[in-house]
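Fold and contact review
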Amino acid sequence: MEIMEEKDTEAKAPSVVDRYYTRWYRADLKGKSCEDHCVLQHSNRLCVVTLADTHPILQNGRTIKSINYQISNGCSRLKNKVSGKSKRGGQFLTDYAPLCRITCTDETEYTIYSCIRGRLLEVNENILETPSLLLEKPSTDGYIAVILPKFEESKSITENLLSREQFESLVSKRTVAQSQPS
């Protein structure tokens, strides 16, 4: 009997992400339908940029061909170096700063954006070697980047983002609209 109770408790326990992070979403980024991003905000202001479950890369069994953090000739997110307690030297990002470009095997290319203003602390180099992490564990090992918003902006960065409830409502409306015959 005790074994059954332990299993029930384990099944209901929230994940680390659900326990320590607040999920925020940016839907239809730059007007591109379903290109949704998720920002996981920790209580210490750190924000982890990931793909939302509804992003086309995570749909229809797509396979990733390449991930490129080289944004332009003079800008590579891989060359980002931070140091010290105040994280000096990190690249400053705006809401729509591109973080990387992901190309799927069907040659479809997606640009992943920062979604928030702040200092780029790190990019996930593990997904360069193992792109399947992005598909299998988008909220944990398959994250895109870690961003630290300015202290004075840390409360206001979520103004342009959707809460989980707002995002789920938008997705359900989108699903209904897609199922309606034209």
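Everything below is about the structure printed above this text.
The notes below deal with the structure included here. Each chain has its residues counted from 1, running along the sequence as written. Given that the model is predicted, a residue must reach a pLDDT of at least 70 before its local features are reported, and side-chain atom pairs must reach 80 or more before they are shown or counted; all residues, however, enter totals for whole chains, interfaces and linings. Here the side-chain values reflect all heavy atoms present in the structure, with hydrogen atoms and water set aside.

It is worth spelling out the pattern of salt bridges at this point. Any Lys or Arg side-chain nitrogen found within 4 Å of a carboxyl oxygen on Asp or Glu counts as a salt bridge. The full count for this structure, using the stated rule, is 11 salt bridges. The salt bridge involving D95 is made with R26; its shortest N-O contact spans 3.8 Å. Residue D95 is located in the loop between β7 (92–93) and β8 (98–104), and its partner R26 is located in strand β1 (residues 21–26); the two are separated by 69 residues in the primary sequence. Judged on exposure class, the residue D95 and its partner R26 are both buried. Measuring nitrogen to oxygen at the nearest pair gives 2.9 Å for the salt bridge that ties R174 to D28. Residue R174 is located in helix α5 (residues 164–179), and its partner D28 is located in the loop between β1 and β2 (37–42); the two are separated by 146 residues in the primary sequence. Burial here depends on accessible area, computed with a 1.4 Å probe over protein chains only, as a share of the maximum for the residue type. Under 20% is buried, over 50% is exposed, and the range in between is partly exposed. A residue is classified by how much of its surface remains accessible, and D28, at 27% relative accessible area, is partly exposed. Residues joined by salt bridges that share partners form a network here, namely D18, R23, R164 and E168. Numbering goes from the N terminus for both helices and strands, where a helix is a DSSP run of H or I of at least four residues and a strand is a run of E of at least two.

A word on the sheet that holds strand β9 (residues 109–113). If DSSP finds at least two bridges between two strands, the strands pair. The antiparallel open sheet is built from 3 strands, whose spatial order is β4-β8-β9. Where the open sheet ends on each side, the last strands, each with one partner, are β4 (64–68) and β9. Across the sheet, the mean angle separating the axes of adjacent strands is 20° when strand polarity is ignored. The sheet contact formed by β8 and β9 spans 5 bridges and is antiparallel. Paired with P98 across the two strands is Y113, which belongs to β9. Here an axis means a line fitted to C-alpha atoms, over the contact stretch when the element is a helix, while the angle between two N-to-C directions is reported on a 0 to 180 degree scale.

Counting residues in hydrophobic clusters, the biggest one holds 31 residues, and the most contacted among them are I67, I102 and I144. Between two residues, a contact is recorded if the distance between any of their heavy atoms is within 4.5 Å. Ignoring anything within four residues of it in the chain, the contact list for I67 reads C100, R101, I102, I127, L128, P131 and L134. Take the buried residues of types Ala, Val, Leu, Ile, Met, Phe, Trp, Tyr and Cys, join any two whose side-chain atoms come within 4.5 Å, and each joined set is a nonpolar core. Judged by nonpolar contacts, the second largest core, of 12 residues, contains C38, V146, L148 and V171.

Relative to the assigned elements, E35 resides in the loop between β1 and β2. Look at E35: it is buried, it has no salt bridge, and the nearest opposite charge is K32 at 4.8 Å. Residues within four places of E35 in sequence aside, it is in contact with R26, A27, D28, L29, H55, P56, Y110 and T111. Charge counting follows a simple rule: Lys and Arg are positive, Asp and Glu are negative, and His as well as the terminal groups are ignored.

This paragraph deals with the environment of R101. Looking at the secondary structure, you find R101 in strand β8. Beyond its immediate stretch of four places on either side in the chain, R101 contacts S66, I67, N68, Q70, I71, E109, Y110 and T111. Side-chain polar atoms of R101 contact the backbone oxygen of I71, separated by 3.0 Å. Two N or O atoms form a polar contact when they lie within 3.5 Å of each other; inside protein one atom must be a possible hydrogen donor and the other a possible acceptor, and for residues adjacent in sequence the pair counts only when both atoms belong to side chains.

As a further point, take the environment of G118. Position of G118 relative to the elements: it lies in strand β10 (residues 118–123). With 44 residues separating them in the primary sequence, G118 and G74 have C-alpha atoms 20 Å apart. Setting aside chain neighbours within four positions, we find G118 in contact with Q91, F92, L93, I147, L148 and P149.

The subject of this paragraph is the pairing of strand β11 (residues 145–148). Of the two faces of β11, the one holding A145 and I147 and the one holding V146 and L148 are both buried throughout. Pairing analysis gives 3 bridges linking strand β3 (residues 47–51) to β11, with the strands arranged antiparallel. Looking at β11, one finds that C47 is bridged to I147. Pairing of β10 with β11 involves 4 bridges; the strand directions are antiparallel. By the bridge assignment for β11, R119 is matched with L148.

Our next topic: unusual backbone geometry. With phi around 85°, R45 is a residue other than glycine that occupies positive phi space. Its place among the elements puts R45 in the loop between β2 and β3. Residue classification places R45 among the partly exposed positions, given a relative accessible area of 23%. Unusually for a residue other than glycine, C115 sits at a positive phi of about 70°. Mapping C115 onto the fold places it in the loop between β9 and β10. On the basis of relative accessibility, which here comes to 2%, the residue C115 falls in the buried class.

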